[in-house]
Amino acid sequence: MDVEELKKQAGVAACEYVTSGMNVGLGTGSTVKYTILELGRRVRDEGLDIIGVPTSIATKNLAEAEGIPLAELDDLSHLDVVIDGTDEFDPGFQLIKGGGAALLREKIVAQASTKMIVVADERKQVECLGAFPLPIEVTPFALNTTRRAIVKALNCECTVRSEQGKPLVTDNGNHIVDAHTGPTIHDPVTTERNLLNIAGVVQVGLFNGMCEVVILASSDGITVLEKDD
Ligand code: 5RP
């Protein structure tokens, strides 16, 4: 089965967790796109009554086009659930996110949500995090000084993500440094803490202890993985 079909299956399956009356965090990326399309269909065709909180400008534009009512996170008392993609997840449901450069808003929304559901295809399941370069959001001020401090902390190659020959600018006006650690992040909590100690680091694409459910699409079909506490 092709990867796009797997993404679609995972994205659509996650919609089972959404019912009328919920405030729903809407993640970013090419997998959760299918969740947003299906939620939009249910809003239009079935009268599903939800309020969405987007995690990026791209998701806001898509959700608006789909007719999903949206609100600012600050204007809601709570979020029932966030559904988002991931770049990797390990056996402890620790995640690397930020491949789409939306990690800061994704993390704020995930922390505000009662439950985090991740939609993924089988390529995202790993034994140890880090084959996917770890995205780190950094301030534009002293970009290279911060990048060098990250190199020192992680002892690996770290590159500034670029777009059209210039450092990519996130929705928050920051940049992204990708740390090429290789699959060596055995202790993501310590890695995150060390990186957050660097003043120019705004946020790290490690999502520790946040995800409870992974909806995994593989050639065998959909598997719902639940974290055992
Ligand atoms: C964006 C993200 C995405 O959720 C992550 O990159 C997965 O995206 P995709 O479903 O396109 O593979 O963290 O910042």
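Here is a short report on the structure shown in this document. Since the model is a prediction, treat every value here as computed from it, not as a measurement.

1. Re the site of the ligand
Of all residues adjacent to the ligand, which total 16 residues, the nearest are T28, S30, T31, D87 and K124. S30 has a polar side-chain atom sitting 2.4 Å from an oxygen atom of the ligand. A distance of 2.8 Å separates an oxygen atom of the ligand from a polar atom in the backbone of G98. Looking at the shell around the ligand residue by residue, the classes come out as two nonpolar, nine polar and five charged.

2. As for the packing of helix α2 (residues 32–46) against helix α3 (residues 57–65)
Remark: α2 packs on α3, axes separated minimally by 9 Å, with the N-to-C direction vectors making an angle of 25°. Classified by the interaxial angle, the pair formed by α2 and α3 is roughly parallel. Seen from above, α2 lies across α3 with right-handed handedness. When α2 is examined against α3, the residues K33, I36 and L37 are found in contact with a partner set consisting of T59, L62 and A63. Among the residues forming the contact of α2 with α3, the class breakdown is four nonpolar, one polar and one charged.

3. Things to note about the packing of aromatic side chains
If you walk through the whole model with that rule in mind, you get one aromatic pair. Plain terms: the ring middles of F89 and F93 are 6.3 Å apart, the flat faces sit at 85° to each other, and that makes the pair edge-to-face. Considered together, F89 and F93 belong to a single accessibility category, that of buried residues. Here K97 stacks its cationic end above the ring of F207, 5.6 Å away from the centre of that ring. Of note, K107 hangs over the ring of F207, and the distance from its end group to the ring centre comes to 5.4 Å.

4. Quick notes on the side chain of N23
Here N23 lies in strand β1 (residues 23–26). In terms of polar contacts, N23 uses its side chain to reach the backbone carbonyl oxygen of H78, at 2.9 Å. In contact with N23, other than residues within four places in its own chain, are I51, L76, H78, L79, D80 and V81.

What counts, and at which threshold
Residues numbered from 1 in each chain as written. Predicted model: local features only at pLDDT ≥ 70, side-chain atom pairs only at ≥ 80, totals over all residues. Heavy atoms only, no water. Near = heavy atom within 4 Å. Polar contact = N/O pair within 3.5 Å; in protein donor to acceptor, adjacent residues only side chain to side chain. Nonpolar A, V, L, I, M, F, W, Y, C, P; charged D, E, K, R; others polar. Axes fitted to C-alpha atoms, helices over the stretch in contact; angles between N-to-C directions. Helix = DSSP H or I, 4+ residues; strand = E, 2+ residues; numbered from the N terminus. Parallel < 35°, antiparallel > 145°, perpendicular 65-115°, else oblique. Left-handed = near helix turned anticlockwise from the far one by under 90°. Contact = heavy atoms within 4.5 Å. Phe/Tyr/Trp six-rings, centres within 6.5 Å; stacked < 30°, edge-to-face > 60°. Buried < 20%, exposed > 50% of the residue type's maximum accessible area, 1.4 Å probe, protein only. Lys NZ or Arg CZ within 6 Å of the ring centre and 35° of its normal.

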